[in-house]
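Listed below, chain by chain, are the residues.
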Amino acid sequence: MATARAALRSGIMASLAVAEPPASRAPSRSPARSPARSPALSPAPGPSRCGGERHRSRSGAGADLGAIQDAQLRSVDLNHVIKLLEDSDSKDLEKEQLKALKKVVKRFENGLPLKDLAQVVEILNLCAEKVNEQEAFTEPLCELIKLCGLPFQKKKSSDEVSYSVAASKSIAQLGYLMRVPSSQVRIQICKCVVSFYNMELPRKLLPGYQPTNANYKIQMAELGGLAETLVLSLALVENHLTEKLWVLKALQHLSSSGVNCGLMMKAQAASRLCLYLNGVDPSGQLVFRSSEILWNLLENTSKEEVVNQLSSLECVHALKETFLDLLLHGFRHCDRQLRNDLLVIATLLAENPAAPMIESGFTKLLIVLATFTEVKIPNPLVKGLKLTYGYEDFELKKLLFNVIGILSKDPCAVQLLSESDVMPALLYYVKPNQKPGFNDWSAVQYEELQLHAIAVLASVAPVLIDKYLSCQANTLLLVFLEWCVGQDILKYAANKSKEKEDAILLEIQADILFLLSGLCENDLHRKELFSYEGVDILIPFLQMDPKKLYSGLGHNHLLFSALDCLWSCVIGCYITEDYFLEKQGIFLLMDLLALKQKNLRNIILGILVEFCDNPKTTSHISTWRGEKDQTAAHLLIKLWRQEELELGVKRDQFGRIVDMKRPIASSFQKQQEVIPLPANCPSFAIVEVSENIRAKLYSLLCKLGFENLPGLSAKDFVTLAIIRRYIDFKVGEVWSEVCAEIIEEFKPVSSDEEALKIISEVPEDTGRIVAALQTEVLESQHHQEIQEEEKTYKKIQAIHKQREMVAKSWENFLTRTSDYEALKKAKKLQEKSIETSRSKLKIENGTAHSTDIKGLGTTIGSGRLVTVETTPPQLIGGPLAVRDLSLKKPAVCERALKNIKKHQKT
């Protein structure tokens, strides 16, 4: 409705602006209108001359006269004016008083200084008192009030704070002046208040002064309580339409502030304004301004307090008559918007059981309006009413459906609902739009009305069972569901969302999924109808881009609806479950669980626990791998640690148990005192199970098994030791509560006391066992880390040693190449080494070849260059008789050559 109200302001404000009527001035007896001058303003007397000379004297002294007047105006003595007005013994002073007031107005025509406000306010009060008897003071009083609409003048910036009390009192005095029985004065006061919100700077500033802040007067009006006074003044102008409209215009501006709205509520503004709604006003401004102020009160103050003030029979009746008049005779666009605004206010009243909606006949009227287009039964309440298919009437239809849903919660209104045609009207939309025509709802509007009707039907059906069954509603719903699945409406919405994702389309999809959840929950046959096509529709929603969850369009709500639909429409039907597993649905759920979205954890874990009843599920969970090869077991244990951190469970820096008596108790749980409860009331230890996700995590890990879980660190094993004994610790907490309640209420006998002592020691012993196991895991991990550290150190040590050897070898090489003596020494050592390596046995019948290379000046190892001497004569004709070795190469030599070439390349 915010859009409607915004358009309401822009459309109506232009066409229904208050025409400011000319002030009806009474015959003035003010001497200011007379050409005669006062002695103070006359030129100084001089010698008597002829008329022509006198004329020239006056015309020549015109400039001097203006300067004299300005000087005299600047020196107006406000205390003298006050004393002059207080003197009421003689009526001959009226001319002097009016003349003095005219001087004051002229003096401050550019704004009132803050330092003079107190005296000006006193002058205003004195003038107001004289208006009752002397009508001539009306015009100067209005002129002084008009000056209050100009910005106050300050000399220093600190003046705004220093004179805040005087400023707030002066503005508050404007409200008190509404008591003056003059239409001209009251309208001028309202114009002055309106000018606070459209402040215009004066054409000329006082010398040495500057205007106050633009919002200064608005703040002073709040401080002085002007809004409350103006609300009370409505009683004074009740029979004067023009004055009333001006007061409402001023209140409309004032109600933009929460402080002013609070002040207005003290004066019963809501009930006073509601009573004016159906007043006579051809322009329509009375209804518009009153409803606008009511809206501001609802937005800026307590809605319950406003509704309570509107809950009288007179207010409800006035609201009903105004709404009906706009409904039957409001043909303008702004009238329809205003009608819908009043219907929203009526909806708020319908939620209040104390509001006399039934007694005033408003409830019956709303029920008839909600059903008259679907059920063609004439009703005198809406005779002659015709709705268009425009946007305002579409909003009206949705609001009426909403009212029906609210009335269904009121036992007193159920009888009226049963006597009406509400059920057939709602079931009218449980069918496809067969023949959409020009004079009908559009396809989108019809689908939205379908969703509203079915949502309201869920509230109305339980209280109107007989009507529901007589209309064969179950059959209609099942046929409609079958048609939806067969015609792919859901698929259209899912595909459409890829093209254009806006808030309305997302809301429609979420509503459809919610509807399916409600229809298929606890009904196996409907789940079978959902089946494969339903799963195919759900899968894209679970594959939603996580970035869209923060878009603000409603993707978060849509994902929740999809998860709820999955829980209600898939789980429990093995055929549908198996198909969901085949579509890798468990992987999608695990991906969503790994998003670190806290608001998604609970529902996803609940779905996974329910799915684990299917024996195929655990293998899917175990197979899943997340980011950085994260396993499901690691993710679940990590979520457990995060949950315990948020709950304030005590753990040491390594994750071990600290409190042996209550190892898994949260900080809030430890703060609870022992309160004896009846047997049928669950204790806090039991309630706590459903308030966090630890029980679901324990259930899933039980399904996966606590042994041979992949991808776990030592820290995970420490946490897993606690999870494994979760039930034991929880049982210990329950026994602890039982023991505490028994000791609180009774004094057990010695045997029972001994039994309770033994029972209370069990959780503590279990905690010590788990803590010892955790310590063993950590020590084992520490030992393994030390071994790995030693291996790493040895590897590093070997690398450093190798580097040292390489560096030393390079250093020796550089020494040999740069120092000839070192080269000779190295050469000798090399020859000696070679000599010692030779065999001492002589080769029989063979020639010893020298391994030295002549002319070689290096001490590094030689290459594969070998010089073979000529074969001795005694060996000619022997095995080496073949001169060309290349003509005959044994296979072994060939392989050797290949190896040599291969090594040379490398």
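As the structure is a computational prediction, the values presented were derived from the model and not from experiment. (Residues numbered from 1 in each chain as written. Predicted model: local features only at pLDDT ≥ 70, side-chain atom pairs only at ≥ 80, totals over all residues. Heavy atoms only, no water.)

What follows covers the overall build of the protein chain. Of the regular secondary structure elements, the protein chain holds 43 helices and two strands. Put simply, the protein chain has 906 residues, and 41% of those count as buried. Of all intrachain contacts in the protein chain linking residues separated by at least 6 positions in sequence, the fraction that spans at least 24 positions is 77%. Carbon and sulfur atoms make up 55% of the accessible area of the protein chain, which totals about 51400 Å². (Helix = DSSP H or I, 4+ residues; strand = E, 2+ residues; numbered from the N terminus. Buried < 20%, exposed > 50% of the residue type's maximum accessible area, 1.4 Å probe, protein only. Contact = heavy atoms within 4.5 Å. Areas by Shrake-Rupley, 256 points an atom, 1.4 Å probe, with all protein chains shown as cover.)

Attention now goes to the pattern of salt bridges. One pass over the full model with this rule turns up 26 salt bridges. For Asp536, the salt bridge goes to Lys583, with nearest N and O atoms at 4.0 Å. Of this pair, Asp536 sits in helix 29 (residues 524-542) while Lys583 is found in the loop between helix 31 (574-582) and helix 32 (585-593), placing the two residues 47 residues apart along the sequence. Overall, Asp536 belongs to the partly exposed group, its relative accessible area being 29%. Across the salt bridge formed by Arg725 and Asp728, the nearest N and O atoms sit 2.7 Å from each other. Its relative accessible area of 27% is what places Arg725 among the partly exposed residues. Take Asp728: its relative accessible area is 37%, and that puts it in the partly exposed class. One network of salt bridges, with partners in common, ties together Glu644, Arg651, Glu688, Arg694, Lys730 and Glu733. (Salt bridge = Lys/Arg side-chain N within 4 Å of Asp/Glu carboxyl O.)

A positive phi angle, near 60 degrees, is found at Gln268, a position not held by glycine. Considering the arrangement of structural elements, one finds Gln268 in the loop between helix 14 (258-266) and helix 15 (269-275). Here Lys628, not a glycine, exhibits a phi torsion of approximately 55 degrees, which is positive. Take Lys628: it is sitting in the loop between helix 34 (617-623) and helix 35 (632-647).

This part covers a negative patch on the surface. Together, Glu785, Glu788, Glu789 and Glu790 make up a negatively charged patch on the protein surface. With respect to the helices and strands, the residue Glu789 is situated in helix 41 (residues 750-818). You can call Glu789 exposed: its relative accessible area is 57%. (Patch = residues over 30% accessible without salt bridge, like charges linked within 9 Å, V, L, I, M, F, W, Y side chains within 5 Å. Lys, Arg positive; Asp, Glu negative; His and termini not counted. Charge placed at Lys NZ, Arg CZ, Asp CG, Glu CD.)

Mapped onto the elements of the fold, Leu248 is located in helix 13 (residues 241-254). Here the alpha-carbon distance between Leu248 and Gln285, two residues 37 residues apart in the chain, equals 9.3 Å. Residues within four places of Leu248 in sequence aside, it is in contact with Leu234, Leu273, Leu286, Arg289, Ser290 and Ile293.

Attention now goes to helix 6 (residues 117-131). The first and last C-alpha atoms of helix 6 sit 21 Å apart over 15 residues, in line with the 21 Å expected at 1.5 Å per residue. Every buried residue belonging to helix 6 is among Leu117, Val120, Val121, Ile123, Leu124, Leu126, Cys127, Ala128, Lys130 and Val131, and all of these are buried. Lining the buried residues of helix 6 we find helix 4 (78-86), helix 5 (94-107), helix 7 (138-147) and helix 9 (164-176). (Expected span 1.5 Å × (residues − 1).)

Counted according to the given criterion, the structure contains ten aromatic pairs. Considering the side-chain rings of Phe401 and Tyr429, the 5.7 Å spacing of their centres and the 85 degrees angle between planes classify their relative orientation as edge-to-face. You can see Phe401 sitting in helix 21 (residues 391-407) and its partner Tyr429 sitting in the loop between helix 23 (422-427) and helix 24 (443-460), a full 28 residues away along the chain. Each member of the pair, Phe401 together with Tyr429, is buried. (Phe/Tyr/Trp six-rings, centres within 6.5 Å; stacked < 30°, edge-to-face > 60°.)

Turning our attention to the packing of helix 9 against helix 11 (residues 216-224). Think of two packed helices as two axes; the pair is described by the angle between the axes and how far apart they sit. Where helix 9 contacts helix 11, the two axes come as close as 8 Å, and the packing angle between them is 75 degrees. Viewed along their axes, helix 9 and helix 11 adopt a mutual orientation that is roughly perpendicular. For the pair helix 9 and helix 11, the contacting residues are Ser164, Ala167, Ser168, Ile171 and Ala172 in the first and Tyr216, Lys217, Met220, Ala221, Leu223 and Gly224 in the second. The residue inventory of the contact of helix 9 with helix 11, partitioned by class, reads seven nonpolar, three polar and one charged. (Axes fitted to C-alpha atoms, helices over the stretch in contact; angles between N-to-C directions. Parallel < 35°, antiparallel > 145°, perpendicular 65-115°, else oblique. Nonpolar A, V, L, I, M, F, W, Y, C, P; charged D, E, K, R; others polar.)

What follows covers a nonpolar patch on the surface. Taken together, Ile727, Val731, Trp735 and Val738 make up a surface patch of nonpolar side chains, about 320 Å² in accessible area. Looking at Trp735, the relative accessible area reads 38%, which means it is partly exposed.

Here the focus is helix 19 (residues 333-350). The terminal C-alpha atoms of helix 19, which comprises 18 residues, lie 26 Å apart, in line with the 26 Å expected from a rise of 1.5 Å per residue. The element helix 19 is largely enclosed, with a buried count of 17 among its 18 residues.

So, about the packing of helix 29 against helix 30 (residues 555-569). Contact geometry of helix 29 with helix 30 gives a least axis separation of 10 Å together with a crossing angle of 150 degrees. Classified by the interaxial angle, the pair formed by helix 29 and helix 30 is roughly antiparallel. Crossing handedness for the pair helix 29 and helix 30: left-handed. Contact residues: helix 29 offers Lys527, Phe530, Leu538, Phe541 and Leu542, while helix 30 offers Leu558, Leu559, Ala562, Leu563, Cys565, Leu566, Ser568 and Cys569. When its residues are assigned to classes, the contact of helix 29 with helix 30 shows eleven nonpolar, one polar and one charged. (Left-handed = near helix turned anticlockwise from the far one by under 90°.)

Turning our attention to the confidence of the model for the protein chain. Per-residue confidence for the protein chain gives a mean pLDDT of 79; residues scoring 70 or more make up 80%. Across residues 1-73, where pLDDT falls below 50, the model places 70 contacts with residues more than four positions away in sequence or in other chains. (pLDDT = per-residue confidence, 0-100.)

You can see Ser271 is positioned in helix 15. There is a polar contact of 3.1 Å between the side chain of Ser271 and the backbone oxygen of Gln268. Contact partners of Ser271, with chain neighbours within four places excluded, come to Gln309, Leu310 and Cys315. (Polar contact = N/O pair within 3.5 Å; in protein donor to acceptor, adjacent residues only side chain to side chain.)

Summarising the element assignment, Lys527 is placed in helix 29. The contacts of Lys527, once residues within four sequence positions are left out, are Cys520, Asn522, Ser568, Cys569, Ile571, Gly572, Cys573 and Thr576.

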